[in-house]
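# Structural features, examined
Here are the chains, one letter per residue:
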Protein chains: 4
Amino acid sequence: MLFEHDVAVSFGDCDPAGIVFYPNYFRWMDACFHAFLQDRAGGHAALCTALGARGLGLMEARLGFRAPVSEGMHLRYAIADITWSKRSLDVTYRATEGDRLVLEGHERRGVFVDDAAGRLRAAPVAPLRALLGA
Amino acid sequence: MLFEHDVAVSFGDCDPAGIVFYPNYFRWMDACFHAFLQDRAGGHAALCTALGARGLGLMEARLGFRAPVSEGMHLRYAIADITWSKRSLDVTYRATEGDRLVLEGHERRGVFVDDAAGRLRAAPVAPLRALLGA
Amino acid sequence: MLFEHDVAVSFGDCDPAGIVFYPNYFRWMDACFHAFLQDRAGGHAALCTALGARGLGLMEARLGFRAPVSEGMHLRYAIADITWSKRSLDVTYRATEGDRLVLEGHERRGVFVDDAAGRLRAAPVAPLRALLGA
Amino acid sequence: MLFEHDVAVSFGDCDPAGIVFYPNYFRWMDACFHAFLQDRAGGHAALCTALGARGLGLMEARLGFRAPVSEGMHLRYAIADITWSKRSLDVTYRATEGDRLVLEGHERRGVFVDDAAGRLRAAPVAPLRALLGA
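None of these values were measured; they are calculated from a predicted model.

About the thresholds
- Residues numbered from 1 in each chain as written.
- Chains lettered and ligands numbered in written order.
- Predicted model: local features only at pLDDT ≥ 70, side-chain atom pairs only at ≥ 80, totals over all residues.
- Heavy atoms only, no water.
- Pairing = 2+ DSSP bridges.
- Helix = DSSP H or I, 4+ residues; strand = E, 2+ residues; numbered from the N terminus.
- Axes fitted to C-alpha atoms, helices over the stretch in contact; angles between N-to-C directions.
- Salt bridge = Lys/Arg side-chain N within 4 Å of Asp/Glu carboxyl O.
- Parallel < 35°, antiparallel > 145°, perpendicular 65-115°, else oblique.
- Contact = heavy atoms within 4.5 Å.
- Nonpolar A, V, L, I, M, F, W, Y, C, P; charged D, E, K, R; others polar.
- Buried area = accessible area lost by both parts, 1.4 Å probe.
- Polar contact = N/O pair within 3.5 Å; in protein donor to acceptor, adjacent residues only side chain to side chain.
- Least-squares fit on C-alpha atoms with pLDDT ≥ 70 in both.
- Phe/Tyr/Trp six-rings, centres within 6.5 Å; stacked < 30°, edge-to-face > 60°.
- Buried < 20%, exposed > 50% of the residue type's maximum accessible area, 1.4 Å probe, protein only.
- Lys, Arg positive; Asp, Glu negative; His and termini not counted.

Right, let's get into the sheet that holds strand β5 (residues 100-109) of chain C. Sheet architecture is open: 10 strands sit in the order β1(C)-β3(C)-β4(C)-β5(C)-β2(C)-β2(D)-β5(D)-β4(D)-β3(D)-β1(D), paired in antiparallel fashion. A strand with exactly one partner marks an edge of an open sheet, and here the two such strands are β1 (3-8) of chain C together with β1 (3-8) of chain D. Pairs of neighbouring strands in the sheet enclose a mean axial angle of 20°, with direction left out of account. By the bridge criterion, seven bridges tie strand β2 (residues 58-65) of chain C to β5 of chain C in an arrangement that is antiparallel. Note that in β5 of chain C the partner of L58 of chain C across the bridge is R109 of chain C.

Structure, rendered in structure tokens:
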């Protein structure tokens with residue numbers, strides 16, 4: 001695993017069925033990615049300054065929910081793999097609760113810069129890769 | 001479209017890059033599905049009672065982000081299609097901001113019941129389909 | 001009432017006790033304030049540009065919860081009053097569900113600008129008051 | 001301090017002004033209280049079973065924001081004091097970022113039970129106090 005990020009599931013993260021309200025799983029997946037940026041390169045803000053970018057935004061995000069999770073459990077998110085293309089990177093995640101696999105995830109991200117017309121466009125990601133040493 | 005659900009994007013839905021923090025898009029996709037349940041069959045709680053279920057939970061969720069969205073914009077989520085399998089349903093979404101396509105989404109959901117051992121399992125979805133008239 | 005803002009309560013806004021997870025009430029109170037800014041003066045971003053400010057941030061926030069609210073209900077937030085001091089404004093809210101009073105709220109906000117050292121400080125609010133016509 | 005709870009502030013917790021979107025501070029205050037319940041008495045669900053209650057819900061919540069917090073910072077929430085009345089408890093919080101005081105908070109909570117008519121009412125809190133040893 002390239003990086004691990006732990007999450008404690010609280011009462012308020014769960015819905016009336018008593019299990020995690022699923023957008024929270026995406027929130028934690030994003031937090032895992034940002035903790036990885038912090039660990040490798042001082043965080044998103046520092047990277048944006050270095051890259052002249054507005055943000056490392058999303059093109060796609062996906063989660064498969066393999067087992068239910070409820071209040072009081074501890075999740076370990078892991079970045080399993082990063083695959084680099086010219087203008088995007090694909091990040092693969094897994095999350096476990098103890099020995100149980102609970103999530104399989106994927107994000108496709110880009111390095112978004114403002115063009116001359118003020119519109120966001122995806123720039124080459126090689127400079128990000130170099131800064132992350134990934 | 002089978003159903004439409006409008007969302008006003010507020011300041012607090014956006015991140016330091018000034019665009020929507022992406023887990024919120026999933027939150028609104030879920031809210032669209034629940035508004036559909038309300039419209040067709042009195043809502044999630046009533047359906048769970050009728051079906052003897054704990055919840056209409058998620059097996060998979062996915063979004064493709066086609067254009068950035070920021071504070072003050074109005075999104076229209078639409079359920080484009082529902083495909084029924086034996087123990088799951090696939091719901092396809094699109095969201096637009098004016099004429100712009102901004103999101104393409106998908107959820108795979110099941111009807112989850114507690115089994116004798118207290119574990120959640122996916123029950124046949126035909127009774128849900130009948131109640132929704134879908 | 002100076003302004004009204006409607007909210008539909010969804011399944012995912014509620015906790016395992018089946019009632020709204022309380023930070024969401026603050027999220028909607030903030031959204032009410034931002035909808036008011038939109039209505040009166042084109043929104044937070046336009047106001048910040050006009051005022052040379054980073055944001056109309058919070059000094060205090062408070063809610064009294066007068067009745068439980070659950071999935072499928074509709075809340076009407078209202079700005080009942082705004083009291084202006086030199087460097088802050090006090091905004092009073094009420095929210096109702098049909099005829100029931102469900103929330104009484106208060107926010108103290110300031111107009112925050114970056115000083116020469118890059119620290120946020122509260123500027124006089126008279127220019128904001130003029131722009132809002134309040 | 002009666003209890004401490006640490007929070008890492010992520011990119012997505014922040015708003016377009018680059019500082020924490022304030023409802024998140026309430027979310028973390030609630031998570032601190034639930035972590036305290038976990039630590040002292042096995043968590044909210046176990047306590048509700050023991051007390052015959054629906055939840056330890058809120059009557060009031062308040063935060064004073066003393067200093068701005070942004071991405072990458074670490075907050076330490078602390079329960080400073082609990083004052084017990086007949087049908088409510090007042091919980092006082094402080095949160096710090098390193099040596100800086102950033103938040104002063106308060107929650108008034110009750111032990112809510114369903115009465116014969118299915119309405120929530122606040123029960124005496126002495127049994128909760130005994131279970132928490134507080």
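On we go from here.
Turning to the pattern of salt bridges, a few remarks are in order. If you walk through the whole model with that rule in mind, you get 40 salt bridges over all chains. Across the pair R54 of chain B and D114 of chain B runs a salt bridge whose closest N-O atoms are separated by 2.8 Å. Separated by 60 residues along the polypeptide, R54 of chain B in the loop between α2 (44-51) and β2 (58-65) and D114 of chain B in strand β6 (residues 111-114) bring together distant segments of the chain. As a salt-bridge pair, D90 of chain B and R108 of chain B come within 3.0 Å of each other at their nearest N and O atoms. Placement of D90 of chain B in strand β4 (residues 89-97) and of R108 of chain B in strand β5 (residues 100-109) is noted, with a sequence separation of 18 residues between them. When salt bridges that share partners are traced, they join E4, D6 and R76 of chain A into one network.

Residue and element names in this part refer to chain A. Between helix α1 (residues 23-41) and helix α2 (residues 44-51), whose axes approach to 8 Å, the crossing angle comes to 65°. Here α1 is positioned roughly perpendicular relative to α2, judged by the angle of their axes. Counting all contacts with α1, which are made through H34, L37 and A41, the residues of α2 involved are H44, A46 and L47. Looking at side-chain class alone, the contact of α1 with α2 contains four nonpolar, two polar and no charged residues.

Contact residues are listed per partner, giving 23 residues for chain A and 23 residues for chain B. Regarding the contact of chain A and chain B, the summed buried area is about 1,900 Å², with carbon and sulfur atoms giving 62% of it. A per-residue breakdown of the area chain A buries against chain B is headed by A17, Y22 and F65 of chain A, which together make up 26% of the total. Inspection of the chain A/chain B interface yields two salt bridges. Along the contact surface separating chain A from chain B lie 11 residue pairs in polar contact (both at pLDDT 80 or more). Those elements that place two or more of their residues in the side of chain A that touches chain B are α1, β2 (58-65) and β5 (100-109) of chain A. In terms of residue count, the dominant contributor to the side of chain A that touches chain B is β2 of chain A (eight residues). In terms of residue class, the side of chain A that touches chain B is made up of 14 nonpolar, one polar and eight charged. Judged from the five bridges that link them, β2 of chain A and β2 of chain B form a sheet pairing that is antiparallel. Its bridge partner lying in β2 of chain B, G64 of chain A is registered against E60 of chain B.

Strand order across the open sheet formed by 10 strands is β1(A)-β3(A)-β4(A)-β5(A)-β2(A)-β2(B)-β5(B)-β4(B)-β3(B)-β1(B), with antiparallel pairing between neighbours. Only two strands of the sheet have a single neighbouring strand rather than two, namely β1 (3-8) of chain A together with β1 (3-8) of chain B. The sheet shows a mean angle of 20° between the axes of neighbouring strands, direction not considered.

Aligned on chain D, chain B shows an RMSD of 0.0 Å; the corresponding rotation is 180° and the shift along the axis is 0.0 Å. Classification of the inter-copy transformation places it as that of a two-fold axis. Mapped onto chain D, 100% of the interface residues of chain B again fall at the interface, so both copies present the same surface.

Attention now moves to the interface of chain B and chain D. With eight residues of chain B at the interface, the matching set in chain D holds eight residues. Between chain B and chain D lies a buried interface of about 720 Å² when both sides are counted; carbon and sulfur atoms form 76% of it. For the pair chain B and chain D, the number of links is zero salt bridges. For the pair chain B and chain D, the interface holds zero residue pairs in polar contact (both at pLDDT 80 or more). Residues that form the side of chain B that touches chain D fall into these classes: five nonpolar, two polar and one charged.

A separate point is the packing of aromatic side chains. The full count for this structure, using the stated rule, is 34 aromatic pairs over all chains. Between Y22 of chain A and F26 of chain B the ring centres are 6.2 Å apart and the planes differ by 80°, which places this aromatic pair in the edge-to-face class. Note that Y22 of chain A is positioned in the loop between β1 and α1 and F26 of chain B in helix α1 (residues 23-41), a pairing that runs across two chains. F26 of chain B matches Y22 of chain A in its accessibility class, with the two residues each being buried. Measuring from ring centre to ring centre gives 5.9 Å for Y25 of chain A and W28 of chain A, while their planes differ by 85°; the resulting arrangement is edge-to-face. Residue Y25 of chain A and its partner W28 of chain A are both found in helix α1; the two are separated by three residues, about one turn of the helix. Residue classification places W28 of chain A among the buried residues on the basis of a relative accessible area of 6%. Ring-pair connections join several aromatic residues into one group, and the members of that group are F21, Y22, Y25, F26, W28 and F65 of chain A together with F21, Y22, Y25, F26, W28 and F65 of chain B.

What follows deals with the side chain of D15 of chain C. Within the secondary structure, D15 of chain C sits in the loop between β1 and α1 (23-41). Here D15 of chain C sits buried without a salt bridge, and the closest side chain of opposite charge, R54 of chain D, lies 7.0 Å off (N-O distance). Reaching out from D15 of chain C, the side chain makes a polar contact with the backbone nitrogen of A17 of chain C at a distance of 2.8 Å. Apart from residues lying up to four places away in sequence, D15 of chain C is in contact with F11, C14, D15 and P16 of chain A together with V20 and F21 of chain C.

At an RMSD of 0.0 Å, chain A and chain B line up after a rotation of 180° and a shift of 0.0 Å along the axis. Both copies share a contact surface, since 100% of the interface residues of chain A are interface residues in chain B too.

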